[in-house]
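Architecture at a glance
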Amino acid sequence: MKLSDYVARFLADIGIRHVFVVTGGAVAHLIDSVASQPGIEYVPTLHEQAAAMAVDGYARVTGHMGAAMVTTGPGVTNLMTGIACLYYDSLPSIFIAGQVSTMRLSRNAPGVRQLGFQESPHVDMVRPITKYAVLVEDAARIRYELEKAVYLATSGRTGPVLVDIPDDLQRQEIDPDSLESFSLPAAVDGSAEIDGQIDRLLEWIADASRPVLVLGAGVRIAKQEAAARRLGDKLGFPIGLTWAMTDMYAADHPLNIGGFGISATRRGNFAVQNADLVLSIGSRLDSHATGTPITGFARGARKIIVDIDAGELAKFASQGMKVDLTIRADARDFFAVMDRKLNRIKTRDLSPWLDRIAEWRRRYPSCPPEFEKQKGSVNPYAFLKTLSRQTRPDEIIVTDCGSNLIQTFQAYAVSEGQRLLSALNNSPMGYSLAGSIGACFANDRRRVICIIGDGGLQVNMQELGAIAESW
């Protein structure tokens, strides 16, 4: 079997159904193999950056890995903005890059900048924004490196990986049955370690009169939305949603306080800043959420933060913010323990607190009535409020970045069942169209609403309609 055919079959076997590609001489064999592989559709994009952003939208909608293939040199450097989006938002994905033949690698001529045409040190370039990046130098290692890459992409705090394959190896014949495999580390159940911490948390929950439950991207990455809803229903706490979870609850859900932080709603910020307990699950609570200085965040509240990443938990002390309890755990393990203890959860009467938040919602809408009566131009908040009334419950809304993103996440009223997404932490301009294409393929090519903007929200309605209709 040709090595490139093995790669294509491997991708199909792990459930990849679409591969976003830009062709080139150093990746021609790989793309040809993907095109011939049953069960995979290859999707050519105009530019490698668009391919990576399409992978991003695809991964967000499916909840599984996305994939792209590009050629050497500028093919990979063009990917990097999109790879960074996936890395900073912790989305699993695999990028396969063509590289010049091994005999043309610059290491064969010490002192030169480039030996092979379009050669670049892909692995060194992308290492800071990937969970794993490797140059395959021996065809017999292809199974091991692919399996290792997929394991790392999908375990722990998930993210993108890149496998760099020289052109001569792509064409090499291999025996699949003799290839070395990657041995998966033994699975570890982390729930026992956090059992005692959760007992302390339950005591604080019973004592809180102004609590807020914060749900972050880690809940969705761990596929724990149903468990989060069970806990939310049991607690009856008002729920603050980070950007990644804005579509977890409908905008009019009585417990949904919306977003919070420097680019969110007033009611959300009032609730968090007046809380006496904040339980955050799966959110790194970056400076965009906490504001600056971080010491002012939820200033009078007991703060309990659940996160899989030890570095994210440690940063709060180094920045001077007191956290009463940090629980290092995958959201799956945390909810497993909470599910076992649901019947033990006791809470106070929260109706005065919920009434107060409802009053803030009434007094401080994202789109005040006067915005809808504005003459001579379209107020972006009024436009987004109107757009949300016209979209269907099964639709996906993809917005661009900058003010476009902020205005959409403030003013678009999500319906139950909708998805609202963007590249949230890297947040590059021009994301929405490419991200929408990925989301469209992930969504069986049903309609996706793409909000195109440049800094502020600037929408050409005729083009928007044409895009939606073509998809």
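Residues numbered from 1 in each chain as written. Predicted model: local features only at pLDDT ≥ 70, side-chain atom pairs only at ≥ 80, totals over all residues. Heavy atoms only, no water.

1. What to know about the overall build of the chain
Counting secondary structure elements, the chain contains 20 helices and 15 strands. Computed over the C-alpha atoms, the radius of gyration of the chain is 24 Å, within 12% of the 23 Å expected from 2.2 N^0.38 for a compact globule of 471 residues. With the principal axes as the frame, the chain shows a C-alpha extent of 70 × 60 × 45 Å. The burial tally for the chain puts 55% of its 471 residues in the buried class. Within the chain, counting contacts between residues at least 6 apart in sequence, those at least 24 apart form 75% of the total. Between the averaged position of the 49 positive side-chain charges in the chain and that of its 52 negative side-chain charges there is a distance of 8 Å. (Helix = DSSP H or I, 4+ residues; strand = E, 2+ residues; numbered from the N terminus. Rg over C-alpha atoms; globule rule 2.2 N^0.38 Å. Buried < 20%, exposed > 50% of the residue type's maximum accessible area, 1.4 Å probe, protein only. Contact = heavy atoms within 4.5 Å. Lys, Arg positive; Asp, Glu negative; His and termini not counted. Charge placed at Lys NZ, Arg CZ, Asp CG, Glu CD.)

2. Regarding the side chain of Glu48
Relative to the elements of secondary structure, Glu48 occurs in helix α3 (residues 48–62). Despite its burial, Glu48 remains without a salt bridge, the nearest opposite charge being carried by Arg171 at 19 Å. (Salt bridge = Lys/Arg side-chain N within 4 Å of Asp/Glu carboxyl O.)

3. Considerations on the sheet that holds strand β6 (residues 160–166)
Backbone hydrogen bonds hold the strands of a sheet together, and the pairing may be parallel or antiparallel. What the 6 strands build is an open sheet, ordered β2-β1-β3-β4-β6-β5; its pairing is parallel. The open sheet has two free edges, formed respectively by β2 (41–44) and β5 (132–135), since each of these has just one partner strand. Mean inter-strand twist for the sheet, computed between neighbouring axes without regard to direction, equals 20°. Along the sheet face, α3 touches β1 (18–21), β3 (66–70) and β4 (93–99) and points at about 170° away from the line of β3. (Pairing = 2+ DSSP bridges. Axes fitted to C-alpha atoms, helices over the stretch in contact; angles between N-to-C directions.)

4. Some remarks on the sheet that holds strand β13 (residues 396–399)
Read from one edge of the open sheet, 3 strands run β14-β13-β15, paired in parallel fashion. In the strand order of this sheet, the two ends are held by β14 (419–421) and β15 (448–451), each with one partner. The mean angle between the axes of side-by-side strands here comes to 15°, regardless of whether they run parallel or antiparallel. Packing against the sheet, helix α19 (residues 431–442) makes contact with β13, β14 and β15, and its axis sits at approximately 155° to β13.

5. Examining the nonpolar core
By size, the foremost hydrophobic cluster in this structure holds 55 residues, and its most contacted members are Phe20, Ile83, Phe95, Leu162, Ile396, Val398 and Tyr431. In terms of residues, this core owes the most to one element, α3, which gives 8 residues. The contacts of Leu162, once residues within four sequence positions are left out, are Val76, Ile83, Phe95, Ala97, His122, Val126, Tyr132, Ala133 and Val134. The next biggest cluster of nonpolar side chains, apart from the first, holds 38 residues, and it includes Ala227, Ile239, Leu241 and Ala329. (Core = buried A, V, L, I, M, F, W, Y, C linked by side-chain atoms within 4.5 Å.)

6. With respect to the environment of Asp189
With respect to the helices and strands, Asp189 occurs in the loop between α7 (167–170) and α8 (191–207). Taking C-alpha positions, Asp189 is 7.3 Å from Asp333, a pair spaced 144 residues apart along the chain.

7. Details of the pattern of salt bridges
According to the stated counting rule, one finds 30 salt bridges in the structure shown. The shortest N-O distance in the salt bridge between Arg171 and Asp167 comes to 2.7 Å. A salt bridge links Asp394 to Arg392, with the shortest nitrogen-to-oxygen separation between them at 3.8 Å. Note on Asp394: relative accessible area 37%, which makes it partly exposed. For Arg392, a relative accessible area of 42% corresponds to the partly exposed category. Connected through shared salt-bridge partners, Asp195, Asp199, Arg340, Lys341 and Arg344 make up one network.

8. Some thoughts on helix α14 (residues 331–340)
Those residues of α14 lying buried are Ala331, Asp333, Phe334, Phe335, Val337 and Met338. The secondary structure elements touched by the buried residues of α14 are α8, α9 (217–221), α10 (225–235), β10 (277–281), β11 (302–307) and β12 (325–328). Looking at where α14 begins, the residue whose side-chain oxygen comes 2.7 Å from the main-chain nitrogen of Arg332 is Asp330. (Polar contact = N/O pair within 3.5 Å; in protein donor to acceptor, adjacent residues only side chain to side chain.)

9. Remarks on the pairing of β5
Bridge analysis of β5 against β6 gives 4 bridges, and the strand direction is parallel. Bridge assignment links Val134 to a residue of β6, and that residue is Val163. On the question of chirality, the crossover connecting β5 to the parallel β6 by way of helix α6 (residues 142–154) is right-handed. (Right-handed = clockwise from strand over helix to strand, strands pointing away.)

10. Topic: the environment of Glu312
Tracing the backbone through its elements, the reader meets Glu312 in helix α13 (residues 310–318). On a C-alpha basis, the gap between Glu312 and Ala442 in space is 30 Å, while along the polypeptide they are 130 residues apart. Apart from residues lying up to four places away in sequence, Glu312 is in contact with Arg157, Arg284 and Asp307. Polar contacts involving the side chain of Glu312 include one to the side chain of Arg157, which spans 2.8 Å. Here Lys315 takes part through its side chain, which lies 2.8 Å from a polar atom of the side chain of Glu312.

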